[in-house]
Amino acid sequence: MYPSRFAYDAPTTVAEAVAILDRNGGEAKVLAGGQSLVPMLKLRFASPERLVDINNIKALDYHRLDPDGTLRIGALCRHEDLEFSEIIKDSHPTLAQAAALVADPIVRTRGTFVGSVCHADPQGDWAATMIALDGRIVAQGPNGRREIAMRDFVSGPFTNALAYNELAVEAVIPPAKGKAVGGYLKLERRVGDFATASVAVALDMNGDVVTRAGCALAGVGGKTIDANEAISVLVGKTLTAESIEAAAEAIADAADPRTDHRGSADYKRHIVKTFVTRILSGIARSEQKAA
Amino acid sequence: MALDELKIGGMGASRRRVEDNRFIRGKGRYVDDVVLPGMLHMEILRSPVAHARIKSIDTTAAWEVPGVRLVLTGETMAARNLAWMPTLSYDTQAVLATDKVRFQGQEVAAVIADDPYIAKDACSRIVVEYESLPAIVNPVQAQDPNAPLIRDDKENQATNKIFDWEIGDKEATDRAFAEADVVSTVDLHYPRSHPSPLEPCGSIADYDRATGKLTVYMTTQAPHIIRAAVSLVAELPEHMIRIISPDLGGGFGNKVPVYPGYVISILASILTERPVKWIEDKSGNLISTGFGRDVYLQGQLALRKDGKILGMRMHTVSDHGAFYADAQPTKFKIGLMHSTFAAYDVPAAHLTSEGFYTNKAPGGVAYRCSFRVTEAMFFQERMMHAAANDLGMDQADFRRVNLVKDDMFPYRTAFGFLTDSGQYGKCLDVALEAIGYDTFKEEQEEARKRGKLLGIGISTMTEPLGAGNSREYDILGIKMFDSAELRVHMTGKAILRTGAKTQGQGHETTWAQIVAHELGIPADDIVVEEGDTDTAPFGMGTYASRSTPVAGAAVAMVARKIRAKARKIAAHLLEVSEEDIEWELGRFYVRGNEERGVTIQDCALAAYSNVPDGLEPGLENVAYYDPPNLTWPFAAYVCKVEVDPQTGVWDVLKFVAVDDCGVRINPMIVEGQIMGGLTEAYAMASMQYITFDEEGNCIGSNYMDYLLPTAWETPGFELHEVVTPCPHHPIGAKGIGECATVGGPAAFVNAVMNAIEHTGVRNVDMPLMPNRVYEALQTGQNVSGMPPVKGD
């Protein structure tokens, strides 16, 4: 690979990284797992003057649950860390299911959760799960920290709400109100392909009643589709064939797919509906079994 | 006591691949690993558009980049008569564009610099002014009377048609159709695919003005043909050209043609008097080098009610891109398409073919098939599938009626091929039993109850592998024989060289096994070397599954020459006449006195230390082998799939492959070849294609668009064997390298079609992506052609 010439820094603290970003006035790019940035450098689609490699900031390599159930994912947490995590296995089924479907096993060993969210690919898996789970991104700038709600974070395809001198240091997932259930399904032509369509569903349940419902879609719009409003028809209800059908219809309507070589707009919308139905029916079945 | 052949790594031993010792340690030596003193680096500027007139090229800014040594354009090449070069199909191809660019990715300029970063930087500073022309991206557009003329550089080329070609007996075929009870018709498209070896193409040209010698390290499957081609194109004497093809990271046909990059690097080295390295990137490889397929078919079978095929008609329309650069034997315009239906007893057949220029990359190589045989057999098996349905006959029964029977060999096909051996019915029976064909109907019913659709698909075929013979097969007039040279050293160790060129097939392992079989020298004592034209005997290289049928035969023949000489030496050592000598593996002995003998190693020592009077010393020889016929392996592939009707997603439940490639030299390597081929077949059936938008932009120029299957989605394969030795091959072997790629795709497609054709759909063109299968299920209509690039 022969990218354009760039300068390279490898800071060991967040403060140092932010200072470098601040000094370079938008000409520097953060390198974490590199699974999207490095291919763009290779193709010279991106030619930043400076790379700020954060892989030496060991303090960012974590994911943990706070005592109140808040999940915190540091900027160096790899996809693979979540795929094999004992921490999220039971508490965060939506994330756990998505983790095994992100790209391919090679990418998962290096790519990071936070980096993927920042990349804001409309077909990205993690952005969809973050929206469904009502997550937030913690940004560190020269003047301190701020939290950005995920629904405000992605501003368009491949663009996010970070200022040039801010580093996304952590993703935060709030605790469930009740029992967290959910799922993630993705249709791809091959492992590692971009999604033809994928669906993230995250529900909080009190007994058999849905107390909070989150949903987002990838691959079926110009950016990650926030379908939280569409799925809110389930709140206060139990999962029945009728309520599932109504939610699936509403969510499919929220999709905004285009016809391309992965399929027609109608097909992609149909897949969204099918996947929502499958996830919700699966939850209903396992809840029945548990009861 | 004769040696135990399996213990010395002879025929039939699943000997570990000796080349893997270096590959798995990262110690392979590919072209890009070669570093020569003073070496410069070359980068090619490619056309961003598919069809445009070049108004101007300004290289000023590129020359100004520090470290740039040379900038070449079509004009520079033309001044040395190198702007165009001949192709392997008697056409011409632009080396660097002069007048027009004719496909996206075409070579427009080259920068030679101190390092590859500088070369790339400087390339981006070349300013080319294009005047856009309409792009032609398929044969239908090419035939439009108002279509722009793509090859306006050629005299007497008034249209975009390249050729009309036909073979067979039209009148007899027409009569067969007139007598038919049922005529079955299908229209198909075999989409454009790409061999996509993991290592792209590249070269290092090193011209030494002092000696006048040109050495080129090159990614080539056919070093000697390249030497001849370079001699013709660059007008250098052949003895002053040395082509070295080091380790190759796969080829699959992609590394047979001569590419512009090779030629440019050679001129650059002559001009700079420095070694010049050119290594293509992956996108460059996908967008500009030899592709496979891109053929449309109209096929018809004339059938009798009882299932007998009376006649077959095919019309193919092929898309060759901007230059007719197919790598194929001279006599044939559409490769060996007429090998279609060779496995079936078809009394009358007629094939017509039309080829067209389009604004797409040239190359039409046989992507892991023996010259368009992949298309020939896919069309055949899709036609067979449709015909069985049209007759209301069982798929297996219909094939049984028509397969050539064991007692019909040698069998002359309607197109004139001579197939010589096989047990076609037995192969099919083994496959059907392994897949559980008898109980499939019940299984299918059971699956319907849980909302799934099961399908079973059969593909049976024989294919012509191992071109020549030399009477009928040549490339640019060079006859298609092959060669082997064996030098047995005085300690009984040996070096073997052939004119073939391994690129993953494992020649270093299997050739030694043939020698072990013939001479009893342990395979571990034999080193195999290929790819250096200064040391290897002349050969046509490795493609079309021809290595074992041709070069492998030469290996056996040269070993037999060595054995004949060793016999004379043995007689001398044993002090008996030659007629009283008997041979067993590894040893000569006196007839009637088995105790008295000498080993092949004893003879080797004596060849250098104690030769009889009148015999030349040494134990070396060379053999050139001109095969009397092609070899005809047979395969029966049966696939069982489950389709999810709600999504169109299909999964392979079981795949059974029964291959009869005659005698297997190294069963493990043969099985590896079959598994690799089936993986490629699965890829083409399920996900793989290159298409173009209306402006001629290539969709498939990177691995996010052009999909290679991984171990995750590739199904498992169950392999079986039937052995019918080739009657004319010295060790009874037939080609195998390409069978699975050739016969595999139809098994997958027929299986999926079998699962969904209750809706009335007759065909879904490859790739069978879930959305296309779903569409067919919903509408009951055929899904034809390429997936749309963009919509709405």
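Here's what I pulled together on the structure shown here. (Residues numbered from 1 in each chain as written. Chains lettered and ligands numbered in written order. Predicted model: local features only at pLDDT ≥ 70, side-chain atom pairs only at ≥ 80, totals over all residues. Heavy atoms only, no water.)

### Concerning the pattern of salt bridges
Where charged atoms from two side chains of opposite charge come close, those side chains can pair. All names here are of chain B. This structure, assessed with the given rule, holds 78 salt bridges over all chains. One salt bridge in this structure joins Arg-227 and Glu-238, with 3.3 Å as the shortest N-O distance. With Arg-227 in helix α7 (residues 223–234) and Glu-238 in the loop between α7 and β13 (241–244), this residue pair connects regions lying 11 residues apart in the sequence. According to the relative accessible area criterion, Arg-227 is buried, its value standing at 14%. Of the charged contacts in the structure, one is a salt bridge between Lys-640 and Glu-443, with a shortest N-O distance of 2.8 Å. Remark: Glu-443 occurs in helix α13 (residues 440–449) and Lys-640 occurs in strand β30 (residues 634–643); sequence separation between them is 197 residues. Salt bridges here are not isolated pairs; linked through shared partners, they connect Arg-53, Asp-91, Asp-99, Lys-100, Arg-102, Arg-151, Asp-152, Asp-153 and Lys-154. (Salt bridge = Lys/Arg side-chain N within 4 Å of Asp/Glu carboxyl O. Helix = DSSP H or I, 4+ residues; strand = E, 2+ residues; numbered from the N terminus. Buried < 20%, exposed > 50% of the residue type's maximum accessible area, 1.4 Å probe, protein only.)

### Remarks on the sheet that holds strand β2 (residues 52–58) of chain B
Residues and elements named next belong to chain B. In spatial order, the strands read β6-β2-β8; together these three strands make up an open sheet with antiparallel pairing. Of all the strands in the sheet, just β6 (100–101) and β8 (127–132) have a single pairing partner and so form its edges. Where β2 and β6 come together, two bridges link them in antiparallel fashion. In the sheet register, Ala-52 faces β6, and the bridge partner there is Val-101. (Pairing = 2+ DSSP bridges.)

### Some points on the nonpolar core
Counting residues in hydrophobic clusters, the biggest one holds 144 residues, and the most contacted among them are B:Phe341, B:Tyr543, B:Val643, B:Trp650, B:Phe655, B:Phe748 and B:Ile756. Take this core: its biggest share by element is 12 residues, from helix α18 (residues 739–756) of chain B. Aside from chain neighbours lying at most four places away, what touches B:Tyr543 is B:Gln221, B:Ala222, B:Ile225, B:Val256, B:Phe371, B:Ile475, B:Met480 and B:Glu738. Of all hydrophobic cores here, the second largest spans 54 residues; its members include A:Leu21, A:Ala120, A:Leu133 and A:Ala218. (Core = buried A, V, L, I, M, F, W, Y, C linked by side-chain atoms within 4.5 Å. Contact = heavy atoms within 4.5 Å.)

### Here's the deal with the sheet that holds strand β6 (residues 136–141) of chain A
Backbone-to-backbone hydrogen bonds join strands into a sheet, with any given pair of strands oriented parallel or antiparallel. Residues and elements named next belong to chain A. Strand order in the open sheet formed by five strands is β4-β5-β10-β6-β7, and the pairing between neighbours is antiparallel. Across the chains shown, the open sheet's two edge strands, defined by having one partner strand only, are β4 (63–65) and β7 (144–149). With strand direction ignored, the average angle separating the axes of adjacent strands in the sheet is 20 degrees. Across six bridges, β6 lies against β7 in antiparallel orientation. If you follow Gln-140 over to β7, its bridge partner there is Arg-145. Packed on one face of the sheet, helix α1 (residues 14–23) meets β6 and β10 (167–173) and runs near 125 degrees to β10. (Axes fitted to C-alpha atoms, helices over the stretch in contact; angles between N-to-C directions.)

### Considerations on empty space enclosed by the protein
All names here are of chain B. Counted by the stated rule, this structure contains seven cavities of 30 Å³ or more. The space that makes up the largest cavity amounts to roughly 60 Å³. Taken together, Gly-253, Val-256, Ala-327, Val-365, Ala-366, Phe-371, Ile-475 and Tyr-543 make up the full set of residues lining the largest cavity. Here the lining of the largest cavity is composed, by residue class, of seven nonpolar, one polar and no charged. Of the volumes computed, that of the second largest cavity is approximately 50 Å³. Residues of the lining of the second largest cavity, tallied by class, amount to eight nonpolar, two polar and no charged. (1 Å grid on protein atoms, 1.4 Å probe; cavity = no way out; pocket = protein on both sides within 12 Å on 5 of 7 lines; lining within 4 Å. Points joined across faces, edges and corners; volume = space filled by probe spheres on them. Nonpolar A, V, L, I, M, F, W, Y, C, P; charged D, E, K, R; others polar.)

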